[in-house]
Amino acid sequence: MTQRGRTGARPANRRSGDRGRDASGRPPAPPAPRIDLVAARARVRAVIEPVVAAAGYDLEEVNLSRAGRRHVVRVLVDADGGISLDDVAVVSREISTALDAAEEAEGELLAGEYQLEVGSPGVDRPLTLPRHWRRNAGRLVAVTIGGRSVTGRVTQAGDTAVTLDVDGESREVAYADLGPGKVQIEFKRLDEAVFPDEDDAGEDDDDEDDDEDGEGEER
């Protein structure tokens, strides 16, 4: 995740006994100006969305919140096959440049200081769009179908429906009949796991047997 802050007031060091004032004797910086967060988010999204699309990614979410004396703009982007940290860094710079250009041309998008955070969705993000289901093919998902909770593995995801393997039975369900899906974390059973150390130990045993027979490699 990358962060960007507009140039502005910085937190000051405080001395004990000087509550409400910094070391210079000045009162603390005021909190972030109160603005219409819904309208501001719409303006920010209008600037960001074309930039993300041009970079070849999907804009999953734009969230705007107030944190003390600044606003925080959180942006989630994704793509088929996932998105790397390097990709996030590149698109973050492009978004930051676009926001600066928009402010120079149209005035402040957000009053006061703000911080930009760009990242990608985690596995806990609900699956609500066809592309979300497509990007989670092969994973175990819990979802509500017709008011009933169902857990199945995504085997195929098209434009209008998803196919789930539920207890060995294939079920095709239209997206309109699905609630938000949630990816289930799976842990491989210990008795089925293969540990590298075990393989190495087996190879060492073979080498020792070869040495005892006089056929091992000299060291």
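A word on the layout of surface pockets. The computed volume of the largest pocket comes to approximately 330 Å³. In this structure, the largest pocket is lined by 19 residues; those nearest its centre are Asp-78, Pro-121, Gly-122, Arg-135 and Asn-136.

All right, on to unusual backbone geometry then. Working note: non-glycine residues mostly have negative phi, and peptide bonds are mostly trans. Even without being a glycine, Asp-167 presents a positive backbone phi close to 55°. Structurally, Asp-167 can be placed in the loop between β7 (161-166) and β8 (169-174).

What follows is about the environment of Arg-148. Along the chain, Arg-148 falls in strand β6 (residues 148-157). With 31 residues separating them along the chain, Arg-148 and Gly-179 place their C-alpha atoms 9.7 Å apart.

Okay, the confidence of the model for the protein next. Averaged over the protein, the pLDDT score is 79; the fraction of residues at 70 or greater is 70%. Counted against residues more than four places away or in other chains, residues 1-23, with its pLDDT under 50, gives 43 contacts. Every residue in residues 214-219 is under pLDDT 50, and counting partners more than four places away or in other chains gives six contacts.

Turning our eyes to something else, we now look at the pattern of salt bridges. Side chains that carry opposite charge are capable of pairing whenever their charged atoms lie near each other. Within the structure shown, the criterion is met by 13 salt bridges. One network of salt bridges, with partners in common, ties together Asp-58, Glu-60, Asp-78, Asp-80, Arg-131, Arg-134 and Arg-135.

Taken together, the six bridges between strand β5 (residues 140-145) and β6 define a ladder with antiparallel strand orientation. Bridging from a neighbouring strand, Val-141 pairs with Gly-152 of β6. Between β5 and β6, which pair antiparallel in sequence order, lie two residues; one of them, Gly-146, sits at a positive phi of approximately 60°. Where β5 and strand β9 (residues 182-183) come together, two bridges link them in antiparallel fashion. Each bridged residue has a counterpart across the sheet, and for Val-141 the counterpart in β9 is Val-183.

The description of two packed helices rests on the angle between their axes and on the distance between the axes. Interaxial distance between helix α1 (residues 37-54) and helix α2 (residues 85-106) falls to 9 Å at its minimum, and their mutual angle equals 135°. What the angle tells us is that α1 and α2 run oblique. Note on packing geometry: the crossing formed by α1 with α2 is right-handed. Taking contact as the criterion, the partners of Val-44, Val-47, Ile-48, Val-51 and Val-52 in α1 are, on α2, Val-91, Glu-94, Ile-95, Ala-98, Leu-99 and Ala-102.

A separate point is the pairing of β8. In the sheet, β7 pairs with β8 via six bridges, with the strands oriented antiparallel. Of the residues in β8, the one forming a bridge with Thr-163 is Glu-172. Connecting β7 to the antiparallel partner β8 that follows it, the hairpin turn spans two residues, and Asp-167 within it adopts a positive phi of roughly 55°.

Reading the values: rules and limits
- Residues numbered from 1 in each chain as written.
- Predicted model: local features only at pLDDT ≥ 70, side-chain atom pairs only at ≥ 80, totals over all residues.
- Heavy atoms only, no water.
- 1 Å grid on protein atoms, 1.4 Å probe; cavity = no way out; pocket = protein on both sides within 12 Å on 5 of 7 lines; lining within 4 Å.
- Points joined across faces, edges and corners; volume = space filled by probe spheres on them.
- Helix = DSSP H or I, 4+ residues; strand = E, 2+ residues; numbered from the N terminus.
- pLDDT = per-residue confidence, 0-100.
- Contact = heavy atoms within 4.5 Å.
- Salt bridge = Lys/Arg side-chain N within 4 Å of Asp/Glu carboxyl O.
- Pairing = 2+ DSSP bridges.
- Axes fitted to C-alpha atoms, helices over the stretch in contact; angles between N-to-C directions.
- Parallel < 35°, antiparallel > 145°, perpendicular 65-115°, else oblique.
- Left-handed = near helix turned anticlockwise from the far one by under 90°.

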